[in-house]
Amino acid sequence: MSEEKTYLELLARRDIKPTAIRLLVLKELALADRAFSLLDLEDRLVTVDKSTLFRTLTLFLGHHLIHAIDDGSGSLKYALCSSECDCEMDDLHTHFYCEACHRTFCLKQVHVPRVTLPEGFTARSVNFVVKGLCSDCARRRRP
Ligand SMILES: [Zn+2]
Ligand SMILES: [Zn+2]
Ligand SMILES: [Zn+2]
């Protein structure tokens, strides 16, 4: 019950009206230790149809409840924002894409590096993805 309340508060803080589906999607993202693609979410939430799922994610994105990650795999991944995140340049963290298991992780402690742009250039977004082996896969490969 208190867990339910946490999710309701998360939605309220981002000015999102709670619905059963929104709570379901939020819970799935909140409990995940990695970022999910639309397809990942579809597989997990079989009762929710794809267009509803997509609309929910779009709404969450617009309210900065989640952020989208282009990890170069061809499908966007989504992960929950920290409570103080406004998805501004200063809030952005690095992501890690595992080339073996194809999972994408938020490295929330690792801020994206500051890039000095040439005169007259303005940055609107930055996408910093490190690729390699996650700890699970690295362990598996060790003899
Ligand atoms: Zn954010
Ligand atoms: Zn891996
Ligand atoms: Zn992230």
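For clarity, every value in this text was computed on a predicted model and none was experimentally measured.

(A) Examining the sheet that holds strand β3 (residues 77-80) more closely. Spatially, the three strands line up as an open sheet ordered β1-β3-β2, and their pairing is antiparallel. Where the open sheet ends on each side, the last strands, each with one partner, are β1 (36-37) and β2 (66-69). Contacting β1, β2 and β3, helix α2 (residues 20-31) crosses the sheet at an angle of about 85 degrees to β3. Sitting on the sheet, helix α4 (residues 50-62) touches β2 and β3, and the angle it makes with β2 is about 105 degrees.

(B) Expanded view of the coordination of the zinc ion (ligand 3). Protein-derived coordination of the zinc ion (ligand 3) comes from His67 (NE2), His93 (NE2), His95 (NE2) and Cys106 (SG), at a distance range of 1.9 to 2.2 Å. What the four donor atoms of the zinc ion (ligand 3) show is an angle range of 101 to 114 degrees at the metal, which sorts the shape as tetrahedral. All donors of the zinc ion (ligand 3) belong to a single chain; written as a sequence motif, their spacing is H-x25-H-x1-H-x10-C. The burial state of histidine 93 is the same as that of histidine 95; both residues are buried.

(C) Layout of the pairing of strand β4 (residues 93-98). Counting buried positions along β4 gives six out of six residues, so the element sits mostly inside the fold. Pairing analysis gives five bridges linking β4 to strand β5 (residues 104-111), with the strands arranged antiparallel. Bridged to phenylalanine 96 within β5 is phenylalanine 105. Between the end of β4 and the start of β5, which pair antiparallel, lie five residues, with histidine 102 showing a positive phi angle near 60 degrees. Sheet topology places β4 next to strand β6 (residues 129-132); four bridges connect them, and they run parallel. Of the residues in β6, the one forming a bridge with cysteine 98 is glycine 132.

Procedures and definitions
- Residues numbered from 1 in each chain as written.
- Chains lettered and ligands numbered in written order.
- Predicted model: local features only at pLDDT ≥ 70, side-chain atom pairs only at ≥ 80, totals over all residues.
- Heavy atoms only, no water.
- Pairing = 2+ DSSP bridges.
- Helix = DSSP H or I, 4+ residues; strand = E, 2+ residues; numbered from the N terminus.
- Contact = heavy atoms within 4.5 Å.
- Axes fitted to C-alpha atoms, helices over the stretch in contact; angles between N-to-C directions.
- Donors = N, O, S within 2.8 Å, 3.2 Å for Na, K, Ca; no water.
- Tetrahedral: all angles 85-135°; square planar, octahedral: opposite > 155°, others 65-115°.
- Buried < 20%, exposed > 50% of the residue type's maximum accessible area, 1.4 Å probe, protein only.

Take it as geometry only, folks, not as evidence of what the structure does.
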